[in-house]
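For reference, the chains in residue letters:
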Amino acid sequence: MLDRYARRRYVDVVVRAACVIATLIALIPLISVLYYVTRRGIGGINLAFFTELPKPVGESGGGMANAIQGTLKLVFLACVFGIPPGVMAGVYLAEFGESRFGKWVRFSADVMSGVPSITVGIFVYALVVLHEKHFSAFAGGVALAVLMLPTVTRTTEELLKLVPESLREAALGLGVPQWRATLRVMLRTAAPGIATGVMLAVARVAGETAPLLFTAFSNPFWSSGFDEPTASLPMNIYNYAVSPYEEWHRQAWSAALVLLLLVLLLNISARLLVRNRVGAR
Amino acid sequence: MSGASSQSKISRTNQRKGASGDDKSRWDEVSVSTLVPKMRTTDLHAYFGQAEVLKGISLQIAEKQVTAVIGPSGCGKSTFVRCLNRMHEVIPGARATGQVLLDKQDIYQGDVDAVRVRRRVGMVFQKPNPFPTMSIRDNVLAGLRLNGERPDDPDAVVEKMLQRVALWDEVKDILGRAGTGLSGGQQQRLCIARSLALEPEVLLMDEPCSALDPIATARVEELIHELRKSYTIVIVTHNMQQAARVANFTAFFYLGKLIEHDRTDVIFTRPKEQRTEDYITGRFG
Amino acid sequence: MNRRHTDREYEGELESLRERVLLMGAHVEEVLALAMRAYVDRNVLLARGTIELDSTIDQLELEIDEAAIQILARRQPVASDLRFITTTLKLVTDLERIGDLGVNICERVAELGADRSESPHDPIPRIADVAQGMVHDALDAFVAGDAVKANQVIDRDKAVDAYYAQLYPELLPRMMSNPNVVFESTRLLSIGKSLERLADHATNIAEMVVYMVKGQDVRHSGPASHQ
């Protein structure tokens, strides 16, 4: 009997060690990416990077101020076009999702989340760019929003469903109309989770390059408003990386680092924003 | 012992008895037929889809008294209580027919707004459900705020409601803390305060103590005893001893029908129906 | 009580309690029967022996009280069960007192010895008959849950009271005419008193049985309320 016990202890230790090792292996890509990008990119980070426009080939120096601004612009537009419809669709699915129509909506969202981003880019190209007869940040924002939409919808729906029905009942019991109970109680309770999901969607979308190829395109100068072709960090990384210039390669690494930090910042601020609503625990 | 001191003892006892509101001799004369009903149901039927869960319930709820609804699982007691504030129909596929009078008004009549009914007939649920995203203070005010009302002096409202549920002293320094940070019994009292903030006339309680430990239960029962002075209370409970402790009137439901409705002391000492007797003495199944 | 409790252990506890009450009742009836036989036969030995039986009765009272309180504490009985338990608690008090009164009678019989006056009419046996019958019927009513029978017992108390009231007027002339019979007559008065009180206790038992069966408290309300 003691032998069996000892054997079980041994198996326990082995499996545990295997789990730890597996976790470490899984962390390797993450850590190595962070480390490598930081190492290669940190050298090019200086004030100029954030404030100056790109210089012509051959001249050293210059920065990616316009690309940074462009990415921010595009992300902003993507949020404006993608979050409200996505959240509302999610609310609809959570409330009425069992109807025939609801099942079709859910199916479409699932399918859309698998559509390649370049296809979305071409779609928006045909829809917006051809119509407007020029590239624009607006088109880029629309493309990114379409990419975000399924994720936001499904996240909202799933998180709303996780909110206990007892809260809705409590609200109804207080004489609150159904729609207000959903929005101000259920949605509010699910908000932290939804914010997280949205931020994940935004973070994914901020780094997309393919859809921007045909919509926002690129711009060596500042773009004003939302109606002109816009530079963006992912596009610049692509363009600079495939170029033969060493200087541009360095800048591409720095751009990658900045993009990484931007995504990190988005995540953290989203968490902080929602946590402060409840007060100290 | 001299005669004088025993005389004074007798007069002091009589004085004490007269001072309390519950004079035993007058209570004995009260019966179901003499009570003033705050709510009355007439031939109430309730359905979940095709299944008939309540089969013609005609029951009066006495004003400013506690009425307990007891019965085995599935007898329809929760459904009945949910019909009293039109929460039953919130469930998809659920409907009810018949009359439910609140004072003299039928709340199931076509043009009556269910939402308004729920302002007058509040509800407390089995599992305490304070809103997790709100502080204790905001929870108490939630009913008002969610309806777009802004009380002139919210702090006064919060204090008054928390005093009424005997929670003020325990939480007055932590009003900013999340509602879910309290113990189960405190959460339930908070939910009661939240309902009371809307100044309902009737308070429905669906097994309010099921999730609480005995001490918290005792406090909620004490609270019910206090609240009776100002509100009409209907409490669903599967704990018969609780019904015996807390309620003035008790209604026994079985398989969707009302079997017996009488003063609690009558139900628990000499019930008229054999099925009532069998249920409360444990001779069922 | 035609259906059984779901909890069979509880059902068993109630059954056991009922059986013990019946046992106590049987002992009490036996004491009374023996006491009256000792009286009729003026059998001092029997009288003394009967006194010994009282300890069993007292012991049973203690056991029954204890068992009833246990059930109250652990089972929180309601309705008919509650009425049964409270009836039992009160009933055994009365039974125990009846046993003591039987002992009193035996003590008086022992004092009488072989003494028997030449008087033609002994008024005691007819009081004893009714009183013993009341005890017997009250216990039967308890077993059967028969409120009608119990009410009949309550009605018979009047007869006992009437017979007892006649006792003194009947014995007084005898005592006045013949001082030798004073000792005997006073003992007879005492026995008659014991029998009258015994009948009152039987009446109490019957009233409790009516409460147990119907939920009506008929004590202290006089004959008008009896149906």
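Residues numbered from 1 in each chain as written. Chains lettered and ligands numbered in written order. Predicted model: local features only at pLDDT ≥ 70, side-chain atom pairs only at ≥ 80, totals over all residues.

**Focus: the overall build of chain A**
How we decide: Working definition: helices are DSSP H or I runs of at least four residues, strands are E runs of at least two. Numbering for both runs from the N terminus. Atoms counted for the radius of gyration: C-alpha only. Globule rule: 2.2 Å times residue count to the power 0.38. Exposure classes come from backbone-placed C-beta atoms, where a residue is buried if 20 or more other C-beta atoms lie within 10 Å of its own, exposed if 12 or fewer do, and partly exposed in between. It is the C-beta atoms, placed from the backbone, that decide contacts: two residues are in contact if theirs lie within 7 Å.
Counting its secondary structure elements, chain A contains 11 helices and 0 strands. Written out in order from the N terminus, the α and β elements of chain A read α-α-α-α-α-α-α-α-α-α-α. For a compact globule of 281 residues, the expected C-alpha radius of gyration is about 19 Å, and chain A comes in at 23 Å, more than 25% above that figure. Each principal axis of the C-alpha atoms in chain A carries an extent, and together these give about 70 × 65 × 40 Å. Across the 281 residues that make up chain A, the buried fraction comes to 37%. Summarising the internal contacts of chain A: among those between residues at least 6 apart in sequence, 73% fall at separations of at least 24.

**Re the interface of chain B and chain C**
Operational definition: In this count, Pro and Cys sit with the nonpolar residues alongside Ala, Val, Leu, Ile, Met, Phe, Trp and Tyr, while Asp, Glu, Lys and Arg are called charged and the others, Gly among them, polar.
At the interface, 13 residues of chain B touch 14 residues of chain C. Of all the secondary-structure elements, those providing two or more residues to the side of chain B that touches chain C are helix H11 (264-269) and helix H12 (274-281) of chain B. If you tally residues by element for the side of chain B that touches chain C, the top one is H12(B), at 4 residues. Tallied by class, the residues present in the side of chain B that touches chain C amount to 4 nonpolar, 5 polar and 4 charged.

**Some points on the sheet that holds strand S5 (residues 105-106) of chain B**
Residues and elements named next belong to chain B. Filter applied, for reference: Pairing between strands is defined by DSSP: at least two bridges between them are needed.
The strand order across the open sheet built from 4 strands is S2-S1-S4-S5, with neighbouring strands paired in antiparallel fashion. With one partner strand each, in any of the chains shown, strand S2 (51-62) and S5 form the two edges of the open sheet. For strand S1 (residues 37-48) and strand S4 (residues 94-102), the ladder comprises 8 bridges, and the chain directions are antiparallel. When the bridges of S4 are listed, tyrosine 47 appears paired with arginine 95.

**What about the packing of helix H3 (residues 65-96) of chain A against helix H4 (residues 100-112) of chain A?**
Residue and element names in this part refer to chain A. Quick reminder of the rule: All axes here are fitted lines through C-alpha atoms, helices being fitted over the stretch that makes contact, and every angle between N-to-C directions spans 0 to 180 degrees. For classification purposes, an angle smaller than 35 degrees is called roughly parallel, one larger than 145 roughly antiparallel, one from 65 to 115 roughly perpendicular, and anything else oblique. The crossing is said to be left-handed when, going from far helix to near helix, the turn is anticlockwise and less than a right angle, and right-handed when the turn is clockwise.
Viewed as axis vectors pointing N to C, H3 and H4 meet at an angle of 135 degrees, and their least axial separation amounts to 10 Å. Between H3 and H4, the interaxial angle falls into the category oblique. Crossing handedness for the pair H3 and H4: left-handed. Touching Ala89, Leu93 and Phe96 of H3 are Gly102, Val105 and Arg106, all from H4. In terms of residue class, the contact of H3 with H4 is built from 4 nonpolar, 1 polar and 1 charged.

**Details of unusual backbone geometry**
In the Ramachandran plot, Lys133(A) falls in the positive-phi region, its phi being about 70 degrees despite a non-glycine side chain. Relative to the helices and strands, Lys133(A) resides in the loop between helix H5 (117-132) and helix H6 (137-162). You can call Lys133(A) exposed: it has 6 C-beta atoms within 10 Å. Phi is positive for Asp43(B), which is not a glycine, with a value near 50 degrees. Along the polypeptide, Asp43(B) turns up in strand S1. Its 12 C-beta neighbours within 10 Å are what place Asp43(B) among the exposed residues.

**Quick word on the pairing of strand S8 (residues 232-236) of chain B**
Residue and element names in this part refer to chain B. For S8, a buried count of 5 out of 5 residues is recorded, marking the element as mostly surrounded by other parts of the structure. Here S8 shows two buried faces, one formed by Thr232, Val234 and Val236 and the other by Ile233 and Ile235. The sheet contact formed by strand S3 (residues 66-70) and S8 spans 4 bridges and is parallel. In the strand pairing of S8, alanine 68 is matched with isoleucine 235. Judged from the 5 bridges that link them, strand S7 (residues 202-206) and S8 form a sheet pairing that is parallel. Bridge pairing in S8 links leucine 203 to isoleucine 233.

**Some points on the interface of chain A and chain B**
Counting from both sides, the interface comprises 20 residues of chain A and, opposite them, 26 residues of chain B. Where the side of chain A that touches chain B is concerned, the elements lending two or more residues are helix H7 (165-173) and helix H8 (178-206) of chain A. If you tally residues by element for the side of chain A that touches chain B, the top one is H7(A), at 7 residues.

**Let's talk about the arrangement of the chains**
Inter-chain contacts occur across 2 pairs of chains; the most extensive set of contacts lies between chains A and B. The least C-alpha distance between chain A and chain C, which are not in contact, is 34 Å.

**Details of the sheet that holds strand S6 (residues 121-124) of chain B**
All names here are of chain B. An order of S6-S7-S8-S3-S9-S10 is seen for the 6 strands of this open sheet, with the pairing classed as mixed. Edge positions in the open sheet fall to S6 and strand S10 (257-263), since each of these has one partner strand only. This sheet shows a mean twist of 20 degrees between the axes of neighbouring strands, independent of strand direction. Summarising the sheet, S6 and S7 pair through 4 bridges and their orientation is parallel. Each bridged residue has a counterpart across the sheet, and for valine 124 the counterpart in S7 is methionine 205. In the packing of helix H8 (residues 184-196) onto the sheet, contacts are made with S6 and S7, and the angle to S6 comes to roughly 170 degrees.

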